[in-house]
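The primary structure of each chain is shown beneath.
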Amino acid sequence: MTTSSSPNTRDVEAGIHRDLREEITYGGYLKLDQLLSAQQPLSDPPHHDELLFIIQHQTSELWFKLVIHELHYVMERLAADDLAPALKSLARIKHIQRQLLEQWTVLATLTPSEYAQFRGSLGHSSGFQSAQYRIVEFLLGNKNTQMIEVFDHEPETRARLEEALHAPSLYDEFLRYLARHGHDVPKDLLDRDVTRAHSFHEGLIPVLKEIYEHPEDHWAAYETCEELVDIEESFQLWRFRHLKTVTRIIGFKRGTGGSSGVSFLKAALDLSFFPELLAVRTEIG
Ligand code: HEM
Ligand SMILES: N[C@@H](CC(=O)c1ccccc1NC=O)C(=O)O
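Residues numbered from 1 in each chain as written. Chains lettered and ligands numbered in written order. Predicted model: local features only at pLDDT ≥ 70, side-chain atom pairs only at ≥ 80, totals over all residues. Heavy atoms only, no water.

Overview of the coordination of the iron atom of ligand 1
Between any two of four tetrahedral donors, the ideal angle at the metal is 109.5 degrees; between two of six octahedral donors, it is 90 or 180 degrees. The following threshold applies: Coordination partners: N, O, S within 2.8 Å of the metal, 3.2 Å for Na, K and Ca; water not considered, so apparent gaps in a site are possible. Square planar and octahedral sites, with four and six donors, are those where opposite donors lie more than 155 degrees apart and all other angles lie between 65 and 115, tetrahedral sites have four donors with every angle between 85 and 135 degrees, and the rest are irregular. For helices the rule is a DSSP run of H or I covering at least 4 residues; for strands it is a run of E covering at least 2, with both sets numbered from the N terminus onward.
There is one protein donor for the iron atom of ligand 1, and it is His242 (NE2), at 2.2 Å. If you look at the iron atom of ligand 1, its six donor atoms make angles of 77 to 180 degrees with each other, and the shape they trace is octahedral. Looking at the secondary structure, you find His242 in helix H12 (residues 219-250).

Side note on the UniProt feature "binding site: substrate" (unreviewed entry) in the protein
For clarity, the threshold we go by: UniProt positions are given in the numbering used here, feature names are shortened, and annotations may be inferred rather than shown by experiment. Note on contacts: a residue pair is in contact if any heavy atoms of the two residues lie within 4.5 Å.
Here, UniProt's "binding site: substrate" (unreviewed entry) annotation points to Phe53, Ile54, Ile55, Gln56, His57, Tyr115, Arg119 and Thr256. Apart from residues lying up to four places away in sequence, Ile54 is in contact with Ala38, Gln39, Gln40 and Pro41. Position of Arg119 among the secondary structure elements: in helix H6 (residues 112-119).

Re the site of ligand 2
Filter applied, for reference: Distances are taken per atom, and a residue is near a molecule or strand as soon as one of its heavy atoms is within 4 Å of it. Identification of polar contacts relies on pairs of N or O atoms within 3.5 Å, with a donor-acceptor requirement for protein atoms, meaning one able to donate a hydrogen and the other able to accept it, and with residues adjacent in sequence counted only if both atoms are side-chain atoms. In these tables, accessible area is a Shrake-Rupley quantity obtained with a 1.4 Å probe, and a residue counts as shielded only by the protein chains included in the view.
Looking at ligand 2, the residues that line it are Phe53, His57, Tyr115, Arg119, Leu122, Ser125, Ser126, Gly127, Ile250, Gly255 and Thr256. Contact distances for ligand 2 include 2.5 Å between an oxygen atom and a side-chain N or O atom of Tyr115. Gly127 has a polar backbone atom sitting 2.8 Å from an oxygen atom of ligand 2. Burial of ligand 2 by the protein chains amounts to 80% of its free accessible area of 390 Å².

A look at the packing of aromatic side chains
In plain terms, the rule: Each Phe, Tyr or Trp ring, with Trp reduced to its six-membered ring, pairs with another whose centre is within 6.5 Å; inter-plane angles below 30 degrees give stacked pairs, above 60 give edge-to-face pairs, and intermediate values give tilted ones.
For the structure shown, the criterion picks out 15 aromatic pairs. Judged by centre distance (5.9 Å) and plane angle (50 degrees), the rings of Phe273 and Phe274 are tilted. Chaining the aromatic ring pairs together yields one cluster made of Phe64, Trp104, Tyr133, Tyr171, Phe235, Trp238, Phe273 and Phe274.

Some words on the UniProt feature "binding site: heme" (unreviewed entry) in the protein
Rules: Three labels apply to residues, based on accessible area from a 1.4 Å probe with only protein chains included: buried if under 20% of the type maximum, exposed if over 50%, partly exposed otherwise in between.
Mapped onto this numbering, the UniProt entry gives "binding site: heme" (unreviewed entry) at His242. The exposure class of His242 is partly exposed, given its relative accessible area of 22%. Every residue in contact with His242, bar those within four places of it in the chain, is listed here: Trp104 and Leu265.

With respect to the side chain of Lys143
Note the following rule: Only four residue types enter the charge count, namely Lys and Arg as positive and Asp and Glu as negative; His and the chain termini do not. A side-chain nitrogen of Lys or Arg and a carboxyl oxygen of Asp or Glu constitute a salt bridge if their distance falls within 4 Å.
Summarising the element assignment, Lys143 is placed in the loop between helix H7 (131-140) and helix H8 (155-166). For the buried Lys143, no salt bridge is present, and the opposite-charge side chain at shortest range is Asp172, 4.9 Å distant. Of note is the side chain of Lys143, whose polar atom sits 2.9 Å from the backbone oxygen of Leu165. Setting aside residues no more than four positions away along its own chain, Lys143 makes contact with Phe138, Ala164, Leu165, Ala167, Ser169, Val194, Thr195, Arg196 and Ala197.

With respect to unusual backbone geometry
Backbone phi values are negative for most residues with the exception of glycine, while trans is the configuration of most peptide bonds. Cis rather than trans, the peptide bond between Asp44 and Pro45 has omega equal to 0 degrees. You will see that Glu22, though not glycine, has its phi angle at about 65 degrees, which is positive.

Digging into the side chain of Arg192
Along the chain, Arg192 turns up in the loop between helix H10 (187-190) and helix H11 (205-213). The residues touching Arg192, leaving out its near neighbours within four places in the chain, are Asp172, Ala197 and His198.

As for the environment of Ser260
Of note, Ser260 is situated in the loop between H12 and helix H13 (262-267). Judged by relative accessible area, which is 32%, Ser260 ranks as partly exposed. In contact with Ser260, not counting residues within four places along its chain, are Phe252, Lys253, Arg254 and Gly255.

Some words on the packing of H7 against H8
To keep it simple, the criterion reads: Helix axes use the C-alpha atoms of the stretch in contact, all axes being lines fitted to C-alpha atoms, and the angles between their N-to-C directions lie in the range 0 to 180 degrees. With respect to orientation, any angle under 35 degrees is reported as roughly parallel, any angle over 145 as roughly antiparallel, any angle of 65 to 115 as roughly perpendicular, and every other angle as oblique. Lys, Arg, Asp and Glu make up the charged group, whereas Ala, Val, Leu, Ile, Met, Phe, Trp, Tyr, Cys and Pro make up the nonpolar group; the residues left over, Gly among them, are polar.
The interhelical angle for the contact between H7 and H8, taken along N-to-C directions, is 10 degrees, at an axis separation of 9 Å. For the element pair H7 / H8, the angle class is roughly parallel. The residues of H8 that touch H7, namely those facing Ala131, Arg134, Ile135, Phe138 and Leu139, are Thr157, Arg160, Leu161, Ala164 and Leu165. Of the residues assigned to the contact of H7 with H8, the class counts are seven nonpolar, one polar and two charged.

With respect to the site of ligand 1
Lining the immediate surroundings of ligand 1 are 25 residues, of which Ser126, Arg134, His242, Gly257 and Ser259 lie closest. In the environment of ligand 1, an oxygen atom lies 2.8 Å from a nitrogen or oxygen atom belonging to the side chain of Ser126. Between ligand 1 and Arg134 there is a distance of 2.7 Å, counted from an oxygen atom to a side-chain nitrogen or oxygen. Of the residues contributing to the shell around ligand 1, the split by class is 12 nonpolar, 12 polar and one charged.

Next up, the structure:
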């Protein structure tokens, strides 16, 4: 056992760098001065629980940022027929989604009485106005031009949304990949208007059925299909957890963003990014 100058105390080793003038430092590299000064409660006097509310959203936004970064990479690699790195990033996205899902338990400690004390300070602000969330939805294929109007007051943000709207979605890129690799993907799906949400296409079922019934012949495609199903499922779980948290905190009140609240959120649970990947399961036997 090594000894230290005081009991139950770890000594700082002689080699530890202590003079950090003119050096890259932890706080400097991570811009912690900016990051940690960005929590500004609006309630006056500041309500104890508003910090939780702010940090819950900010950490979600940080993870959304990484999801967008990884999704762009996945789509770029798919387009280049370079599947292995695409699969690796999809796996990373799933781990991020798990963090996003788990963190709802922290916010669920906020009671209706606590939230009611600072909800009034939030005005008409709402998660509905999260540009990064909407970009993730668009990249995954839930395109909807109606969602863009709330960003009209911020032309640069609106432009980012427009860009994601006009770009092929993850599913579009995957279907193009399949077509390039000898799968008989219906032509109208390959030429579709990518600014609209993909809608169920019966013609894709035989293509996916072949992959699922003979995985050994189509291993890469098979693995990718399962990754996409995982991502859709995790996304639905996030929507569901949001819905349950909202219900326990504000019941059936209207949302600050102006929607009906819970029933508006519930409608999103009927949306599917990759409907044929779910439908094909009924056909396998
Ligand atoms: C007390 C906690 C929360 C409540 C009561 C709440 C409530 C709501 C409501 C009622 C809506 C519908 C739009 C509206 O009219 O405002 C909404 C949308 C949304 N919220 Fe929250 N929310 C909470 C926490 C969060 C958190 C932590 C996030 C994480 C970023 C989040 C992200 C979103 C997003 C992305 C939408 C748009 C969903 C969609 O378009 O389907 N919310 N929220
Ligand atoms: N829409 C929520 C308010 C809310 O949760 C919120 C407010 C500002 C920024 C993000 C929010 N999160 C999710 O909607 C409500 O109706 O209470």
